[in-house]
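# Summary of structural features
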Amino acid sequence: MVAIKQVSKSFGASRTEALQACTLDVPAHEILCVIGPSGCGKTTLLRIVDGLIRADRGQVFVNQTEVTAPRPDVAMVFQHFGLLPWKTVYDNVAYGLRVQGRADADLADAVSRYIDLIGLRGFEKNYPYQLSGGMQQRVGLARALAVNPEVLLMDEPFGSLDAQTRELMQEELLRVWRSQPKTMLFVTHSIDEAVILGDRVALMTRRPGRVKEILEVGIARPRDPETVRRSTRYLELREHIWHQLKVEVVGGNGQ
Ligand SMILES: Nc1ncnc2c1ncn2[C@@H]1O[C@H](COP(=O)(O)OP(=O)(O)OP(=O)(O)O)[C@@H](O)[C@H]1O
Ligand SMILES: [Mg+2]
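In this text, all values refer to a predicted model and were calculated from it rather than measured experimentally.

## A short note on the UniProt feature "domain: ABC transporter" (unreviewed entry) in the chain
Summarizing the sequence annotation, UniProt attributes the feature "domain: ABC transporter" (unreviewed entry) to residues 2-231 in the numbering used throughout. The straight-line gap between the two end C-alpha atoms of residues 2-231 is 31 Å; of that span, 33% is helix and 26% is strand.

## Here's the deal with the domain arrangement of the chain
Interfaces are often sized by the accessible area lost when the parts come together. Under the domain assignment used here, the chain contains domain 1 (1-73 + 151-224) and domain 2 (83-148). For domain 1 and domain 2, the distance between their C-alpha centres works out to 23 Å. Counting residues at the interface gives 9 residues for domain 1, matched by 10 residues for domain 2. If you tally residues by element for the side of domain 1 that touches domain 2, the top one is helix 5 (residues 163-179), at 3 residues.

## Thoughts on the environment of Arg57
Tracing the backbone through its elements, the reader meets Arg57 in strand 4 (residues 57-62). Residue Arg57 is classed as partly exposed on the basis of its 13 C-beta neighbours within 10 Å. As a C-alpha pair, Arg57 and Ala21 span 36 residues in sequence and 7.9 Å in three-dimensional space. Residue contacts for Arg57: discarding those within four places in its chain leaves Gln6 and Ser8.

## A look at the site of ligand 1
Taken together, Phe11, Gly12, Thr16, Ala18, Ser38, Gly39, Cys40, Gly41, Lys42, Thr43, Thr44 and Arg207 are the residues near ligand 1. Breaking the shell around ligand 1 down by element, the ones donating at least two residues are strand 2 (16-26) and helix 1 (42-49). A class-by-class count of the residues in the shell around ligand 1 yields 3 nonpolar, 7 polar and 2 charged.

## Some remarks on the packing of helix 2 (residues 89-99) against helix 4 (residues 133-146)
At their nearest, the axes of helix 2 and helix 4 sit 7 Å apart, and the two run at 30 degrees to each other. Of the possible angle classes, the one that applies to helix 2 and helix 4 is roughly parallel. In the packing of helix 2 onto helix 4, the handedness of the crossing is right-handed. Contacts between helix 2 and helix 4 involve Val89, Asn92, Val93, Tyr95, Gly96 and Leu97 on the former and, on the latter, Val139, Ala142, Arg143 and Ala146. Of the residues assigned to the contact of helix 2 with helix 4, the class counts are 7 nonpolar, 2 polar and 1 charged.

## Some thoughts on the nonpolar core
Val49, Leu185 and Phe186 are the most contacted members of the largest nonpolar core, which has 66 residues in total. Counting the residues that make up this core, at least three belong to each of domain 1 (1-73 + 151-224) and domain 2 (83-148).

## A few points about the sheet that holds strand 6 (residues 74-77)
Think of a sheet as strands paired side by side through backbone hydrogen bonds, with each pair either parallel or antiparallel. Spatial ordering of the open sheet is given by 6-7-8-3-9-10, a layout of 6 strands whose pairing is mixed. With partners counted over all chains shown, the strands left at the sheet margins are strand 6 and strand 10 (211-216), one partner each. Sheet twist, expressed as the average angle between the axes of neighbouring strands with direction ignored, equals 15 degrees. Pairing of strand 3 (residues 31-35) with strand 9 (residues 200-204) involves 4 bridges; the strand directions are parallel. From the neighbouring strand, Cys33 faces strand 9, where its bridge partner is Val201. Of the strands in this sheet, strand 6 and strand 7 (151-155) are in contact with helix 4, which crosses strand 6 at around 175 degrees.

So, how was this worked out
Residues numbered from 1 in each chain as written. Chains lettered and ligands numbered in written order. Predicted model: local features only at pLDDT ≥ 70, side-chain atom pairs only at ≥ 80, totals over all residues. UniProt positions renumbered as here; feature names shortened; annotations may be inferred. Helix = DSSP H or I, 4+ residues; strand = E, 2+ residues; numbered from the N terminus. Domains from an automatic or database assignment. Contact = placed C-beta atoms within 7 Å. Buried ≥ 20, exposed ≤ 12 C-beta atoms within 10 Å, placed from the backbone. Near = placed C-beta within 6 Å. Nonpolar A, V, L, I, M, F, W, Y, C, P; charged D, E, K, R; others polar. Axes fitted to C-alpha atoms, helices over the stretch in contact; angles between N-to-C directions. Parallel < 35°, antiparallel > 145°, perpendicular 65-115°, else oblique. Left-handed = near helix turned anticlockwise from the far one by under 90°. Core = buried A, V, L, I, M, F, W, Y, C linked by C-beta atoms within 7 Å. Pairing = 2+ DSSP bridges.

Shown next, in the form of structure tokens:
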């Protein structure tokens, strides 16, 4: 569903290299978690897949067509909510549909369905500043889901939430995914989150980012996070990913 082929990207006059020949494939309905050191180009990669910026070299295909601009079958949940502060919950969720030119009468059903799905019925007229961080993040998720994309790009969507809200959001996301299995590229800094959510986990090198290793999680769904955390496979993956990340962050062989 998503094919990232040899994508490279540099920024600024000094040509800071963010990504270097990054290649990744995500089959339909898969949740692929991406984990890597801060600044290794994860957000840049998602922005390229979303069509917000162009790669210097390489190509991205979604559903076999090349990405050259933002498109209706791809939606992104941003690292820092990305809500419009002057718009209500309702108008934030409706935003993507309005951009697509859908008339107000026509989008009301979809908006209300997604507001229900994320448990924010009754908060439609609230503004983002009147919501907790977890609620704002759920609005970001509803806005992305409302356009019914085939591909969801998630940029550390739960990174700023407290531990309990984060676990509840993970369960919520898995529940939504079971009823509407989207193809997902999910960036996270949490090894736990990557293993709990992912079908596979892609580890990135430090900047310039490349894919270093892809791991099959191999834990059956539906997953009960508490049971998963006690399994041998979970502990094995955790230790392996931790070691590989440490090598990238501190350099050398991590010993
Ligand atoms: N618009 C930009 N202009 C200049 N440099 C940029 C721009 N966007 C990203 N970069 C640089 O590209 C590199 C990768 O940034 P990016 O935001 O993709 O990293 P990241 O892996 O998402 O990091 P984090 O985990 O901290 O979110 C960094 O060195 C960053 O400074
Ligand atoms: Mg980022």
